[in-house]
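# Summary of structural features
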Amino acid sequence: MPRKKKTPDFEQSLADLESLVTQMEQGDLTLEASLNAFEEGIKLTRECQTMLDQAEQKVHILTTQSGELKTEPFNTEQE
């Protein structure tokens, strides 16, 4: 039975992305290595954005209505 690939956490993905950016900024990579790093960076960016989107969906604001705590969806739009 094949094992399910473990999804990295947000902090690890962000650290990997920062490392790639540092390597690319140094300018020592070959063109092929730079393209590979860029592709990996795009993948990591998308993974981080997905994790942030999922976290945002979980955020709720607690309010008190008639003496009871109620949750409301987190509103991202400026009012």
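The sections below set out a description of the structure shown in this document. Only a predicted model underlies this, so the values are computations on that prediction, with no experimental measurement involved.

On to the environment of Asp9. Along the polypeptide, Asp9 turns up in the segment before α1 (10–26). Owing to a relative accessible area of 44%, Asp9 belongs among the partly exposed residues under this scheme. With 42 residues separating them along the chain, Asp9 and Met51 place their C-alpha atoms 8.4 Å apart.

Scanning the entire structure with this criterion turns up two salt bridges. Taking the shortest distance from any N to any O, the salt bridge between Lys43 and Glu40 comes out at 3.7 Å. Taken together, the positions of Lys43 and Glu40, both in helix α2 (residues 31–58) and three residues apart, correspond to about one turn of that helix. What makes Lys43 partly exposed here is its relative accessible area of 38%. The partner of Glu47 in a salt bridge is Lys43, with the nearest N and O atoms 3.8 Å apart.

A few words now on α2. Counted at 1.5 Å a residue, the expected span for α2 with its 28 residues is 40 Å, and the 41 Å between its end C-alpha atoms agrees. Taken together, the buried positions of α2 are Ala37, Gly41, Leu44, Cys48 and Met51. Residues of α2 that are buried in the fold lie against α1.

How each quantity is defined
- Residues numbered from 1 in each chain as written.
- Predicted model: local features only at pLDDT ≥ 70, side-chain atom pairs only at ≥ 80, totals over all residues.
- Heavy atoms only, no water.
- Helix = DSSP H or I, 4+ residues; strand = E, 2+ residues; numbered from the N terminus.
- Buried < 20%, exposed > 50% of the residue type's maximum accessible area, 1.4 Å probe, protein only.
- Salt bridge = Lys/Arg side-chain N within 4 Å of Asp/Glu carboxyl O.
- Expected span 1.5 Å × (residues − 1).
- Contact = heavy atoms within 4.5 Å.

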